[in-house]
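So you can see what is in the structure, the chains are spelled out below.
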Amino acid sequence: MRDIIRMVVVLGVMAAVSGALLSGVKSGTAAQIEYQQLKFVKGPAIKMILEGCSNDPLVDRFKLKDGDVERGFYVGVFDGNPNAVAYETSGKGFAGPIGVMMGVNVETEKLLGVGVTTHSETPGLGSRAKDDPSFGAQFGGMSVFEPFKVKPDGGVVDAVSGATITSRGVCEGVTEGGEIYARLKPQIIEQAKAFGK
Amino acid sequence: MAKTIVQEFTKGLWDEIPPFRLVLGLCPVLAVTKTVANGVGMGVAATFVLVCSNLLVSMLRNVIPSQVRVPCFIIIIATFVVVVELVMQAVAYPLFLQLGIFIPLIVVNCIILGRAEAFASKNPPVPSIADGLGIGVGFTIALGFLAGIREAFGAGTISIPFSDTVIQLFGASYEPFTFMVEAPGAFVCLGLVLALMNLAGE
């Protein structure tokens, strides 16, 4: 009997100490891990879209509730003016969802550019929507509220050759992104202002 | 067992170098040695876990009832593995992406449980640390060595651990022998190294 109690106590105490230690480490590293994930998953697209901004958009970020989902927004400061935000939407690609990062100038309400963050498209074909910056760059200067379509569908966007479905998915994502912008515009402008120096 | 601290450390470097002499812990040895950076990263993570778990197991060796010693060892090891996993995500995220599932799998690495059972649970803390450090460094050297051979022939490069630098060994005209960085290449390479180790030992 004594042995059993001793086993239970030793194991219980060890499990408790381990649990306490791990929750400490977890909460201590949570912020840093979130930043690292942003940096390596979404960072390249954000950097490309908000090129030339004087702040770090991965630090200057805020979250807004859009219905049931929470969306992250990344602020770009140009000439001391926080007038650009980047945020992520998604479209349906050839082999799964495509994460689409898009940047909007909140003063002119025009797109700054579009970049693909996560995708499972065919390497060498659909993946060029991510790797070829000229595809995302052509969205620059267009109005946010426009519905986007690729040329074969009667739109203005040049599809990546050999990857019409992927390009269509990106257009879908950007069009949806325009709707998100229309819904959240007052909050976005309000929140972005706070990052002005 | 009248070995000195130095002997406890150095035995892990040659006499008992884990993958080549004990032929233990082969899962990460075969899987993550595609590049030197990955191999050494894995070795350092395992060394940290090994030293910490050896120290704790040795300190608690008179408290832990022998009937439940394995669950106790696993709690200790698993705790340090999760610490390593979280810290690696926070400071070396690309390495974490590369090593992926093999970091959590350090928990069931038989080198670590083996050292806890065979050494740390019977010896005082200081020799246990020396033992853990020696075996860990030996494991890291073994991973780095095997990865060096595979990466040099398989990709024509050597990647420096903990930096983004990659050295081109044979110039641009080198046609990579990609068999070496694929799974069968790992077995062939390991087999050749084991054979050489046996030859050298005779």
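Residues numbered from 1 in each chain as written. Chains lettered and ligands numbered in written order. Predicted model: local features only at pLDDT ≥ 70, side-chain atom pairs only at ≥ 80, totals over all residues. Heavy atoms only, no water.

Description of the overall build of chain A
Counting its regular elements, chain A contains 4 helices and 5 strands. Along its sequence from the N terminus, chain A presents helices and strands in the succession α-β-β-β-β-β-α-α-α. Scaling as 2.2 N^0.38, a compact globule of 197 residues should have a C-alpha radius of gyration of about 16 Å, whereas chain A reaches 22 Å, well beyond that. In terms of overall dimensions, chain A has a C-alpha envelope of 80 × 45 × 30 Å along the principal axes. For chain A, the proportion of its 197 residues judged to be buried stands at 43%. Within chain A, contacts between residues separated by at least 24 positions form 54% of all contacts whose residues are at least 6 apart in sequence. Total accessible area on chain A is roughly 10000 Å²; 57% of this is exposed by carbon and sulfur atoms. Side chains of chain A carry 21 positive and 22 negative charges; the gap between the two charge centres is 6 Å. (Helix = DSSP H or I, 4+ residues; strand = E, 2+ residues; numbered from the N terminus. Rg over C-alpha atoms; globule rule 2.2 N^0.38 Å. Buried < 20%, exposed > 50% of the residue type's maximum accessible area, 1.4 Å probe, protein only. Contact = heavy atoms within 4.5 Å. Areas by Shrake-Rupley, 256 points an atom, 1.4 Å probe, with all protein chains shown as cover. Lys, Arg positive; Asp, Glu negative; His and termini not counted. Charge placed at Lys NZ, Arg CZ, Asp CG, Glu CD.)

Considering the packing of helix α8 (residues 125–155) of chain B against helix α9 (residues 183–201) of chain B
Residues and elements named next belong to chain B. Two elements in contact, α8 and α9, have axes whose closest approach is 10 Å; the angle formed by their N-to-C orientations is 125°. In this view, α8 runs oblique relative to α9, as classed from their interaxial angle. Between α8 and α9 lies a crossing whose hand is right-handed. Contacts between α8 and α9 involve Phe145, Leu146, Ile149 and Arg150 on the former and, on the latter, Gly185, Ala186, Cys189, Leu190 and Val193. Tallied by class, the residues present in the contact of α8 with α9 amount to 7 nonpolar, 1 polar and 1 charged. (Axes fitted to C-alpha atoms, helices over the stretch in contact; angles between N-to-C directions. Parallel < 35°, antiparallel > 145°, perpendicular 65-115°, else oblique. Left-handed = near helix turned anticlockwise from the far one by under 90°. Nonpolar A, V, L, I, M, F, W, Y, C, P; charged D, E, K, R; others polar.)

So, the interface of chain A and chain B
Listed as interface residues are 18 residues of chain A and, on the opposing side, 19 residues of chain B. Across the chain A/chain B interface, buried area totals approximately 1800 Å², and carbon plus sulfur atoms make up 80% of it. On the chain A side of the contact with chain B, A:Met7, A:Leu11 and A:Met14 bury the most area, a combined 28% of that side's loss. On the surface where chain A and chain B come into contact, there are 0 salt bridges. If you look at where chain A meets chain B, you find 5 residue pairs in polar contact (both at pLDDT 80 or more). Residues of the side of chain A that touches chain B, tallied by class, amount to 10 nonpolar, 5 polar and 3 charged. (Buried area = accessible area lost by both parts, 1.4 Å probe. Salt bridge = Lys/Arg side-chain N within 4 Å of Asp/Glu carboxyl O. Polar contact = N/O pair within 3.5 Å; in protein donor to acceptor, adjacent residues only side chain to side chain.)

Here we look at the side chain of A:Gln36
In this fold, A:Gln36 is placed in helix α1 (residues 2–49). Accessibility expressed as a relative area gives 8% for A:Gln36, which makes it buried. Discounting chain neighbours no more than four positions away, the residues touching A:Gln36 are B:Gln89, B:Ala90 and B:Tyr93.

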